[in-house]
Amino acid sequence: QVKLVESGGGLVQAGGSLRLSCAASGIDVSFYRLGWYRQAPGKQRELVSSIASGRSTTYADSGKGRFTISRDNAKNTVYLQMNSLKPEDTAVYYCNVHYYLTNYWGQGTQVTVSS
């Protein structure tokens, strides 16, 4: 079965960096669009970044210039490098794989940025 497991979250000070990982099993990440989403308390889940099978990427304005999405096909893993973190980045970050009519989600990893 398909499983996505996020890791790499934690508590950092403003200006710090984190590298989130999403390890996938049961699905080859190289063939599908992958996304990182985040959800803060009381807020709707929002797309942070995505990467297509051809490695074209998108970024929300909030993370543009600070975040970088990538994938390692050999490791079947998607990454989100987050630099210059701000308190506003505090949220649970979720990995997503869009597989035809199905979206697969990980359990999320908490990112907390202190001022």
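Coordinates for the structure precede this section.
Reference entry: report on the structure contained in this document. (Residues numbered from 1 in each chain as written. Predicted model: local features only at pLDDT ≥ 70, side-chain atom pairs only at ≥ 80, totals over all residues. Heavy atoms only, no water.)

**Here we look at the sheet that holds strand β7 (residues 67-72)**
And step 1. Spatially, β1-β3-β8-β7 is the arrangement adopted by the 4 strands of the open sheet, whose pairing is antiparallel. At either margin of the open sheet sits one strand with a lone partner, and together these are β1 (3-7) and β7. Strand-to-strand twist across the sheet, computed as the mean angle between neighbouring axes with direction ignored, equals 15 degrees.
And step 2. Relative to strand β8 (residues 77-82), strand β3 (residues 18-25) runs antiparallel, the two being bridged by 6 bridges. Bridging from a neighbouring strand, Arg19 pairs with Gln81 of β8. (Pairing = 2+ DSSP bridges. Helix = DSSP H or I, 4+ residues; strand = E, 2+ residues; numbered from the N terminus. Axes fitted to C-alpha atoms, helices over the stretch in contact; angles between N-to-C directions.)

**Looking at the pairing of strand β11 (residues 109-114)**
Regular strands place side chains that alternate from one sheet face to the opposite one.
And step 1. Burial of the side chains of β11 is restricted to one face: Thr109, Val111 and Val113 are buried, whereas none of Gln110, Thr112 and Ser114 on the reverse face is.
And step 2. Sheet analysis places strand β2 (residues 10-13) next to β11, joined by 4 bridges and oriented parallel. Bridging across to β11, Leu11 finds its partner in Thr112.
And step 3. Two elements, strand β9 (residues 91-99) and β11, share 3 bridges in a ladder whose sense is antiparallel. Paired with Ala91 across the bridge in β11 is Val111. (Buried < 20%, exposed > 50% of the residue type's maximum accessible area, 1.4 Å probe, protein only.)

**Description of unusual backbone geometry**
And step 1. Although it is not a glycine, Ser84 adopts a positive phi angle of roughly 50 degrees.
And step 2. Mapped onto the elements, Ser84 comes out in the loop between β8 and β9.
And step 3. Positioned with a positive phi, Tyr100 is a non-glycine residue whose angle comes to about 50 degrees.
And step 4. By the element assignment, Tyr100 lies in the loop between β9 and β10 (102-105).
And step 5. Given the relative accessible area of 59%, Tyr100 is considered exposed.

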